Amino acid sequence: MKNMITLIVLLVLFAGTSFAREVQKVGTTSMGFLKISQSVRAIGMGDSYVAIADDIQSTFWNPAGLIHVKGTVAVFNQINMPADIAVNSASVVRNLGRRGVFGVHYLSMTTGDMKVRTVAHPEGTGENFVAYDIVGGVSYAQRLTDRFIFGSNLRLLQTGINDITFTGVVGDIGVLYETALRSMKLGISVQNFGPDIDYDGEYADELDRGRRGRLEEDIQYNDYHGAPPPTMYRIGVGGNLFELTGIQAPDEWDGSVSLEMSHPNDNMERINIGLELSYLNMIFVRGGHKIRWKDQIGYNEERWAGGFGLRIPMMDNYSLDFDYAYLGLGLIGEAADDFMSSPHRISLAVHF
(Lines give C-alpha, C1' and ligand atoms only; values in the text may rest on other atoms or scores of the structure.)
Protein backbone atom coordinates (compact mmCIF):
# COMPACT_ATOMS: atom_id res chain seq x y z
CA MET A 1 0.00 0.00 0.00
CA LYS A 2 2.82 2.41 0.87
CA ASN A 3 4.43 1.78 -2.52
CA MET A 4 1.18 2.50 -4.33
CA ILE A 5 0.63 5.71 -2.39
CA THR A 6 4.20 6.75 -3.15
CA LEU A 7 3.62 6.10 -6.86
CA ILE A 8 0.49 8.26 -6.88
CA VAL A 9 2.28 11.08 -5.08
CA LEU A 10 5.22 10.93 -7.49
CA LEU A 11 2.97 11.04 -10.54
CA VAL A 12 1.00 13.98 -9.12
CA LEU A 13 4.20 15.86 -8.32
CA PHE A 14 5.58 15.00 -11.76
CA ALA A 15 2.48 16.35 -13.45
CA GLY A 16 2.31 19.33 -11.11
CA THR A 17 5.89 20.27 -11.89
CA SER A 18 5.08 20.34 -15.59
CA PHE A 19 2.06 22.56 -15.04
CA ALA A 20 4.24 25.03 -13.18
CA ARG A 21 6.43 25.70 -16.19
CA GLU A 22 5.78 29.01 -17.92
CA VAL A 23 8.22 28.82 -20.83
CA GLN A 24 6.69 27.58 -24.07
CA LYS A 25 8.90 25.58 -26.40
CA VAL A 26 6.73 25.33 -29.49
CA GLY A 27 8.32 23.34 -32.29
CA THR A 28 11.07 21.81 -30.15
CA THR A 29 9.82 18.20 -30.06
CA SER A 30 9.98 15.42 -32.64
CA MET A 31 7.28 13.04 -33.92
CA GLY A 32 4.61 15.68 -33.42
CA PHE A 33 1.94 13.34 -34.76
CA LEU A 34 1.93 11.63 -31.33
CA LYS A 35 0.13 14.74 -30.06
CA ILE A 36 -2.81 14.07 -32.38
CA SER A 37 -5.64 12.58 -30.31
CA GLN A 38 -6.39 8.98 -31.30
CA SER A 39 -9.37 8.12 -29.07
CA VAL A 40 -12.51 9.09 -30.98
CA ARG A 41 -14.62 8.92 -27.83
CA ALA A 42 -12.21 11.27 -26.04
CA ILE A 43 -12.14 13.65 -29.00
CA GLY A 44 -15.93 13.87 -28.96
CA MET A 45 -15.73 14.85 -25.27
CA GLY A 46 -13.28 17.64 -25.96
CA ASP A 47 -10.18 15.64 -24.99
CA SER A 48 -11.48 15.25 -21.43
CA TYR A 49 -11.13 11.53 -20.80
CA VAL A 50 -8.21 10.61 -18.53
CA ALA A 51 -10.40 10.05 -15.43
CA ILE A 52 -13.28 8.17 -17.07
CA ALA A 53 -11.22 5.96 -19.39
CA ASP A 54 -12.95 2.57 -19.32
CA ASP A 55 -12.77 1.00 -22.79
CA ILE A 56 -10.27 0.01 -25.47
CA GLN A 57 -9.80 3.67 -26.42
CA SER A 58 -7.91 3.98 -23.12
CA THR A 59 -4.92 2.53 -24.96
CA PHE A 60 -4.27 5.95 -26.47
CA TRP A 61 -5.09 8.06 -23.40
CA ASN A 62 -4.77 6.34 -20.03
CA PRO A 63 -3.81 2.64 -20.25
CA ALA A 64 -5.10 2.00 -16.71
CA GLY A 65 -8.63 2.23 -18.14
CA LEU A 66 -8.07 -1.00 -20.08
CA ILE A 67 -8.88 -2.89 -16.86
CA HIS A 68 -12.57 -2.36 -17.65
CA VAL A 69 -12.39 -4.15 -21.01
CA LYS A 70 -14.43 -7.38 -21.05
CA GLY A 71 -13.26 -10.35 -23.09
CA THR A 72 -11.45 -9.39 -26.28
CA VAL A 73 -11.91 -6.12 -28.17
CA ALA A 74 -10.35 -4.79 -31.37
CA VAL A 75 -10.60 -1.20 -32.62
CA PHE A 76 -9.55 0.80 -35.68
CA ASN A 77 -9.41 4.62 -35.69
CA GLN A 78 -9.18 6.91 -38.70
CA ILE A 79 -8.12 10.49 -38.03
CA ASN A 80 -8.54 12.82 -41.01
CA MET A 81 -6.14 15.76 -41.26
CA PRO A 82 -5.69 18.61 -43.77
CA ALA A 83 -3.03 18.47 -46.51
CA ASP A 84 -3.86 14.82 -47.36
CA ILE A 85 -2.16 13.58 -44.21
CA ALA A 86 -3.45 10.18 -43.06
CA VAL A 87 -3.29 9.21 -39.37
CA ASN A 88 -4.55 5.75 -38.38
CA SER A 89 -4.36 3.61 -35.27
CA ALA A 90 -5.51 0.16 -34.18
CA SER A 91 -5.53 -1.84 -30.96
CA VAL A 92 -6.41 -5.36 -29.82
CA VAL A 93 -6.91 -6.01 -26.10
CA ARG A 94 -7.76 -9.12 -24.08
CA ASN A 95 -8.78 -9.36 -20.42
CA LEU A 96 -7.13 -12.35 -18.71
CA GLY A 97 -8.82 -11.95 -15.36
CA ARG A 98 -6.48 -11.86 -12.38
CA ARG A 99 -3.45 -11.80 -14.66
CA GLY A 100 -4.51 -8.40 -15.94
CA VAL A 101 -5.30 -6.97 -19.35
CA PHE A 102 -2.86 -7.28 -22.25
CA GLY A 103 -2.94 -5.58 -25.61
CA VAL A 104 -1.03 -4.57 -28.73
CA HIS A 105 -1.50 -1.40 -30.74
CA TYR A 106 -0.28 0.38 -33.84
CA LEU A 107 -0.18 4.01 -35.01
CA SER A 108 0.94 5.46 -38.33
CA MET A 109 1.10 8.72 -40.22
CA THR A 110 2.09 9.20 -43.86
CA THR A 111 2.21 12.31 -46.02
CA GLY A 112 2.24 10.85 -49.51
CA ASP A 113 4.68 12.14 -52.14
CA MET A 114 6.02 15.68 -51.64
CA LYS A 115 8.31 17.69 -53.89
CA VAL A 116 11.97 18.15 -53.05
CA ARG A 117 12.52 21.93 -52.98
CA THR A 118 15.82 23.78 -52.64
CA VAL A 119 16.96 27.40 -52.74
CA ALA A 120 17.97 26.95 -56.36
CA HIS A 121 14.74 25.06 -57.26
CA PRO A 122 11.90 26.46 -55.13
CA GLU A 123 9.28 24.81 -57.40
CA GLY A 124 10.88 21.40 -57.10
CA THR A 125 13.88 19.50 -58.40
CA GLY A 126 11.76 16.85 -60.08
CA GLU A 127 12.31 14.46 -57.17
CA ASN A 128 9.79 13.46 -54.52
CA PHE A 129 10.13 12.30 -50.92
CA VAL A 130 7.85 10.75 -48.28
CA ALA A 131 7.71 11.46 -44.55
CA TYR A 132 6.25 8.87 -42.20
CA ASP A 133 5.93 7.90 -38.54
CA ILE A 134 5.15 4.35 -37.38
CA VAL A 135 4.58 3.17 -33.81
CA GLY A 136 4.00 -0.34 -32.50
CA GLY A 137 3.35 -1.01 -28.83
CA VAL A 138 2.21 -3.36 -26.09
CA SER A 139 -0.17 -2.50 -23.25
CA TYR A 140 -0.78 -3.85 -19.76
CA ALA A 141 -3.26 -2.94 -17.02
CA GLN A 142 -3.76 -4.43 -13.55
CA ARG A 143 -5.99 -3.70 -10.58
CA LEU A 144 -3.63 -3.45 -7.59
CA THR A 145 -6.36 -2.85 -5.01
CA ASP A 146 -10.14 -2.60 -5.14
CA ARG A 147 -9.76 1.11 -5.94
CA PHE A 148 -6.31 1.60 -7.46
CA ILE A 149 -5.53 0.64 -11.08
CA PHE A 150 -2.22 0.86 -12.91
CA GLY A 151 -1.53 0.69 -16.65
CA SER A 152 1.36 1.19 -19.04
CA ASN A 153 2.37 1.16 -22.69
CA LEU A 154 5.77 0.38 -24.16
CA ARG A 155 6.20 1.64 -27.71
CA LEU A 156 8.76 1.06 -30.44
CA LEU A 157 8.73 3.90 -32.96
CA GLN A 158 10.27 4.64 -36.31
CA THR A 159 10.23 7.99 -38.02
CA GLY A 160 11.67 8.75 -41.41
CA ILE A 161 11.99 11.33 -44.15
CA ASN A 162 12.83 9.58 -47.39
CA ASP A 163 15.92 7.45 -46.59
CA ILE A 164 16.75 9.16 -43.26
CA THR A 165 15.28 7.25 -40.31
CA PHE A 166 15.34 6.88 -36.54
CA THR A 167 14.19 4.02 -34.35
CA GLY A 168 13.57 4.49 -30.64
CA VAL A 169 11.44 3.63 -27.62
CA VAL A 170 8.91 5.65 -25.60
CA GLY A 171 6.53 4.72 -22.80
CA ASP A 172 3.21 5.68 -21.18
CA ILE A 173 2.13 5.36 -17.54
CA GLY A 174 -1.42 5.77 -16.28
CA VAL A 175 -3.30 5.37 -13.00
CA LEU A 176 -6.95 5.46 -11.97
CA TYR A 177 -8.21 5.86 -8.43
CA GLU A 178 -11.88 5.05 -7.86
CA THR A 179 -12.88 7.07 -4.80
CA ALA A 180 -15.62 6.26 -2.30
CA LEU A 181 -17.33 9.59 -3.08
CA ARG A 182 -20.28 8.55 -5.19
CA SER A 183 -18.79 7.57 -8.57
CA MET A 184 -15.89 10.05 -8.63
CA LYS A 185 -12.65 8.85 -10.21
CA LEU A 186 -9.22 10.47 -10.42
CA GLY A 187 -6.97 9.83 -13.39
CA ILE A 188 -3.36 10.65 -14.23
CA SER A 189 -1.28 9.71 -17.24
CA VAL A 190 2.13 10.59 -18.63
CA GLN A 191 2.45 9.81 -22.33
CA ASN A 192 5.36 9.54 -24.74
CA PHE A 193 8.27 9.91 -22.33
CA GLY A 194 11.66 8.68 -23.46
CA PRO A 195 15.08 9.69 -24.80
CA ASP A 196 15.64 12.32 -27.46
CA ILE A 197 14.90 11.30 -31.03
CA ASP A 198 17.86 11.87 -33.35
CA TYR A 199 17.86 11.17 -37.09
CA ASP A 200 20.77 9.24 -38.55
CA GLY A 201 23.06 10.84 -41.12
CA GLU A 202 23.59 14.48 -42.09
CA TYR A 203 21.88 17.16 -44.18
CA ALA A 204 22.96 19.77 -46.70
CA ASP A 205 22.88 23.30 -45.21
CA GLU A 206 20.92 25.07 -47.95
CA LEU A 207 20.64 28.21 -45.80
CA ASP A 208 24.42 28.49 -45.58
CA ARG A 209 24.72 27.77 -49.29
CA GLY A 210 22.26 30.52 -50.23
CA ARG A 211 23.81 33.03 -47.83
CA ARG A 212 27.39 32.43 -48.95
CA GLY A 213 26.72 31.57 -52.60
CA ARG A 214 28.58 28.27 -52.34
CA LEU A 215 28.96 26.00 -55.33
CA GLU A 216 27.44 22.51 -55.31
CA GLU A 217 30.78 20.88 -54.53
CA ASP A 218 31.44 23.28 -51.64
CA ILE A 219 28.11 22.85 -49.86
CA GLN A 220 28.31 22.38 -46.09
CA TYR A 221 26.81 19.32 -44.36
CA ASN A 222 25.62 19.21 -40.74
CA ASP A 223 24.64 16.41 -38.38
CA TYR A 224 21.03 16.19 -37.23
CA HIS A 225 20.33 17.29 -33.67
CA GLY A 226 18.15 15.28 -31.30
CA ALA A 227 14.80 16.47 -29.97
CA PRO A 228 12.63 15.03 -27.18
CA PRO A 229 9.38 13.19 -27.95
CA PRO A 230 6.12 15.12 -27.37
CA THR A 231 5.50 14.15 -23.75
CA MET A 232 1.98 14.86 -22.48
CA TYR A 233 0.98 15.11 -18.81
CA ARG A 234 -2.70 14.64 -17.99
CA ILE A 235 -4.64 14.84 -14.72
CA GLY A 236 -8.40 14.83 -14.33
CA VAL A 237 -11.51 14.02 -12.36
CA GLY A 238 -14.79 12.56 -13.56
CA GLY A 239 -17.63 10.19 -12.92
CA ASN A 240 -21.31 9.48 -13.44
CA LEU A 241 -23.13 12.69 -14.28
CA PHE A 242 -26.28 11.93 -12.33
CA GLU A 243 -24.62 10.49 -9.24
CA LEU A 244 -22.19 13.41 -8.95
CA THR A 245 -24.83 16.10 -9.46
CA GLY A 246 -27.68 14.43 -7.59
CA ILE A 247 -29.98 14.91 -10.61
CA GLN A 248 -32.56 12.18 -11.17
CA ALA A 249 -31.66 10.34 -14.36
CA PRO A 250 -34.48 9.84 -16.89
CA ASP A 251 -35.49 6.24 -17.51
CA GLU A 252 -32.94 4.29 -19.57
CA TRP A 253 -30.53 7.25 -19.63
CA ASP A 254 -27.05 7.50 -18.16
CA GLY A 255 -24.15 9.89 -18.47
CA SER A 256 -20.58 10.85 -17.62
CA VAL A 257 -18.91 14.20 -16.97
CA SER A 258 -15.18 14.93 -16.89
CA LEU A 259 -12.69 17.71 -16.26
CA GLU A 260 -9.12 17.34 -17.50
CA MET A 261 -5.98 19.46 -17.29
CA SER A 262 -3.08 18.65 -19.57
CA HIS A 263 0.36 20.00 -20.30
CA PRO A 264 2.48 19.17 -23.37
CA ASN A 265 6.20 19.65 -22.93
CA ASP A 266 6.29 22.13 -25.83
CA ASN A 267 3.23 24.29 -25.27
CA MET A 268 0.96 25.91 -22.69
CA GLU A 269 -1.45 24.24 -20.27
CA ARG A 270 -4.94 23.16 -21.33
CA ILE A 271 -8.22 22.69 -19.50
CA ASN A 272 -11.00 20.64 -21.10
CA ILE A 273 -14.56 19.79 -20.07
CA GLY A 274 -16.45 16.82 -21.50
CA LEU A 275 -19.93 15.31 -21.32
CA GLU A 276 -21.41 12.02 -22.54
CA LEU A 277 -25.06 10.92 -22.45
CA SER A 278 -26.18 7.40 -23.26
CA TYR A 279 -29.56 5.82 -23.94
CA LEU A 280 -30.01 2.08 -23.28
CA ASN A 281 -26.21 1.84 -23.37
CA MET A 282 -26.58 1.72 -27.15
CA ILE A 283 -26.81 5.35 -28.31
CA PHE A 284 -24.24 7.90 -27.14
CA VAL A 285 -24.09 11.68 -27.59
CA ARG A 286 -20.93 13.58 -26.66
CA GLY A 287 -19.72 17.14 -26.44
CA GLY A 288 -16.74 19.03 -25.09
CA HIS A 289 -15.26 22.48 -24.69
CA LYS A 290 -11.60 23.52 -24.61
CA ILE A 291 -11.15 26.54 -22.40
CA ARG A 292 -8.99 29.43 -23.59
CA TRP A 293 -7.92 32.15 -21.16
CA LYS A 294 -5.87 35.05 -22.48
CA ASP A 295 -2.67 33.59 -23.94
CA GLN A 296 -1.82 31.47 -20.92
CA ILE A 297 -4.21 28.51 -21.12
CA GLY A 298 -5.75 26.76 -24.09
CA TYR A 299 -5.25 26.15 -27.80
CA ASN A 300 -4.60 28.45 -30.73
CA GLU A 301 -7.52 27.20 -32.83
CA GLU A 302 -9.33 24.32 -31.11
CA ARG A 303 -12.37 25.29 -29.03
CA TRP A 304 -15.12 22.68 -29.18
CA ALA A 305 -15.83 19.11 -30.22
CA GLY A 306 -18.82 16.83 -30.54
CA GLY A 307 -19.72 13.33 -31.57
CA PHE A 308 -21.92 10.30 -31.20
CA GLY A 309 -21.64 6.55 -30.84
CA LEU A 310 -23.70 3.46 -31.65
CA ARG A 311 -23.41 0.03 -30.01
CA ILE A 312 -24.93 -2.70 -32.15
CA PRO A 313 -25.51 -6.14 -30.55
CA MET A 314 -24.73 -9.06 -32.82
CA MET A 315 -24.90 -12.85 -32.55
CA ASP A 316 -23.83 -14.54 -29.30
CA ASN A 317 -21.72 -12.10 -27.23
CA TYR A 318 -20.47 -10.12 -30.21
CA SER A 319 -21.17 -6.42 -30.53
CA LEU A 320 -20.05 -3.64 -32.83
CA ASP A 321 -19.24 -0.06 -31.76
CA PHE A 322 -19.24 2.83 -34.22
CA ASP A 323 -18.02 6.21 -32.98
CA TYR A 324 -17.78 9.54 -34.76
CA ALA A 325 -16.31 12.85 -33.60
CA TYR A 326 -15.80 16.26 -35.16
CA LEU A 327 -13.12 18.57 -33.83
CA GLY A 328 -13.42 22.30 -34.48
CA LEU A 329 -10.00 23.32 -35.83
CA GLY A 330 -10.80 26.93 -36.73
CA LEU A 331 -8.65 28.27 -39.55
CA ILE A 332 -6.91 24.92 -39.92
CA GLY A 333 -10.22 23.19 -40.59
CA GLU A 334 -11.19 25.89 -43.09
CA ALA A 335 -8.11 24.98 -45.13
CA ALA A 336 -9.55 21.51 -45.85
CA ASP A 337 -11.06 21.16 -49.30
CA ASP A 338 -12.71 17.72 -49.13
CA PHE A 339 -14.16 15.21 -46.67
CA MET A 340 -10.96 13.23 -46.18
CA SER A 341 -8.95 16.31 -45.17
CA SER A 342 -11.66 17.71 -42.89
CA PRO A 343 -11.35 17.06 -39.13
CA HIS A 344 -13.64 14.01 -39.05
CA ARG A 345 -12.69 11.19 -36.69
CA ILE A 346 -14.14 7.67 -37.11
CA SER A 347 -13.74 4.55 -34.99
CA LEU A 348 -14.95 0.97 -35.39
CA ALA A 349 -14.62 -1.58 -32.56
CA VAL A 350 -15.60 -5.25 -32.30
CA HIS A 351 -16.28 -6.99 -28.97
CA PHE A 352 -15.93 -10.78 -28.97
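Procedures and definitions
- Residues numbered from 1 in each chain as written.
- Predicted model: local features only at pLDDT ≥ 70, side-chain atom pairs only at ≥ 80, totals over all residues.
- Heavy atoms only, no water.
- Helix = DSSP H or I, 4+ residues; strand = E, 2+ residues; numbered from the N terminus.
- Polar contact = N/O pair within 3.5 Å; in protein donor to acceptor, adjacent residues only side chain to side chain.
- Contact = heavy atoms within 4.5 Å.
- Salt bridge = Lys/Arg side-chain N within 4 Å of Asp/Glu carboxyl O.
- Buried < 20%, exposed > 50% of the residue type's maximum accessible area, 1.4 Å probe, protein only.
- 1 Å grid on protein atoms, 1.4 Å probe; cavity = no way out; pocket = protein on both sides within 12 Å on 5 of 7 lines; lining within 4 Å.
- Points joined across faces, edges and corners; volume = space filled by probe spheres on them.
- Nonpolar A, V, L, I, M, F, W, Y, C, P; charged D, E, K, R; others polar.
- Core = buried A, V, L, I, M, F, W, Y, C linked by side-chain atoms within 4.5 Å.
- Pairing = 2+ DSSP bridges.

Asker: Would you explain the side chain of Gln 191 in this entry?
Answerer: Of note, Gln 191 is situated in strand S9 (residues 185-193). Of note is the side chain of Gln 191, whose polar atom sits 2.7 Å from the side chain of Arg 234. Beyond its immediate stretch of four places on either side in the chain, Gln 191 contacts Phe 60, Trp 61, Gly 171, Asp 172, Pro 230, Thr 231, Met 232 and Arg 234.

Asker: Looking at this structure, how should I read the pattern of salt bridges?
Answerer: For side chains of opposite charge, pairing can occur when their charged atoms come near one another. Counted under the stated rule, the structure contains 11 salt bridges. Residues Arg 41 and Asp 54 are paired through a salt bridge, measuring 2.5 Å at the closest nitrogen-oxygen approach. One end of the pair, Arg 41, is in helix H2 (residues 40-44); the other, Asp 54, is in the loop between H2 and strand S1 (72-81), with 13 residues separating them in the sequence. Given the relative accessible area of 6%, Arg 41 is considered buried. When its relative accessible area of 31% is taken as the criterion, Asp 54 is described as partly exposed. Close ionic contact of Arg 41 with Asp 55 constitutes a salt bridge, the shortest N to O distance being 3.2 Å. Separated by 14 residues along the polypeptide, Arg 41 in helix H2 and Asp 55 in the loop between H2 and S1 bring together distant segments of the chain.

Asker: Help me understand empty space enclosed by the protein, please; the structure alone is not making it clear to me.
Answerer: Remark: the empty space left among the atoms is shown by a probe the size of a water molecule rolled over them. For the structure shown, the criterion picks out 2 cavities of 30 Å³ or more. Considered as a void within the structure, the largest cavity measures approximately 140 Å³ in volume. Around the largest cavity, the lining comprises 14 residues; the ones closest to its centre are Leu 34, Ile 36, Phe 60, Gln 191 and Asn 192. Of all the elements in the fold, those that place two or more residues in the lining of the largest cavity are S9 and strand S12 (232-240). Taken together, the residues that form the lining of the largest cavity break down as 7 nonpolar, 4 polar and 3 charged.

Asker: Teacher, can you tell me more about the environment of Asp 316 here?
Answerer: On the secondary structure map, Asp 316 appears in the loop between strand S16 (304-313) and strand S17 (319-327). The exposed category is assigned to Asp 316, whose relative accessible area is 70%.

Asker: It is not clear to me how the nonpolar core should be interpreted in this structure. Could you clarify?
Answerer: Proteins that are soluble and globular tend to have nonpolar side chains buried together. Ranked by internal contacts, the top residues of the largest apolar core, which has 21 residues, are Met 31, Phe 33, Ile 36, Ile 79, Val 87, Val 135 and Leu 157. Among the secondary structure elements, those contributing two or more residues to this core are H2, S1, strand S3 (101-110), strand S8 (164-178) and S17. Contacts of Leu 157, omitting those with residues within four sequence positions, involve Met 31, Ile 134, Val 135, Phe 166, Thr 167, Gly 168, Val 170 and Ile 197. Counting 13 residues, the second largest nonpolar core, distinct from the first, contains Ile 67, Val 69, Val 101 and Ala 349.

Asker: Can you walk me through the pairing of strand S7 (residues 148-161) in this structure?
Answerer: Every other side chain in a regular strand lies on the same face of the sheet, so the side chains alternate between the two faces. Where strand S6 (residues 131-143) lies against S7, 13 bridges are found, and the strand directions are antiparallel. Residue pairing across strands places Val 135 opposite Leu 157, the latter belonging to S7. What sits between S6 and S7 in their antiparallel hairpin is a turn of 4 residues. Where S7 lies against S8, 14 bridges are found, and the strand directions are antiparallel. Bridged to Leu 156 within S8 is Val 169.

Asker: Is there a simple way to think about the side chain of Thr 179 in this case?
Answerer: Among the secondary structure elements, Thr 179 is positioned in the loop between S8 and S9. Within the structure, the side chain of Thr 179 is placed 3.3 Å from the backbone nitrogen of Leu 181, a separation counted as a polar contact.

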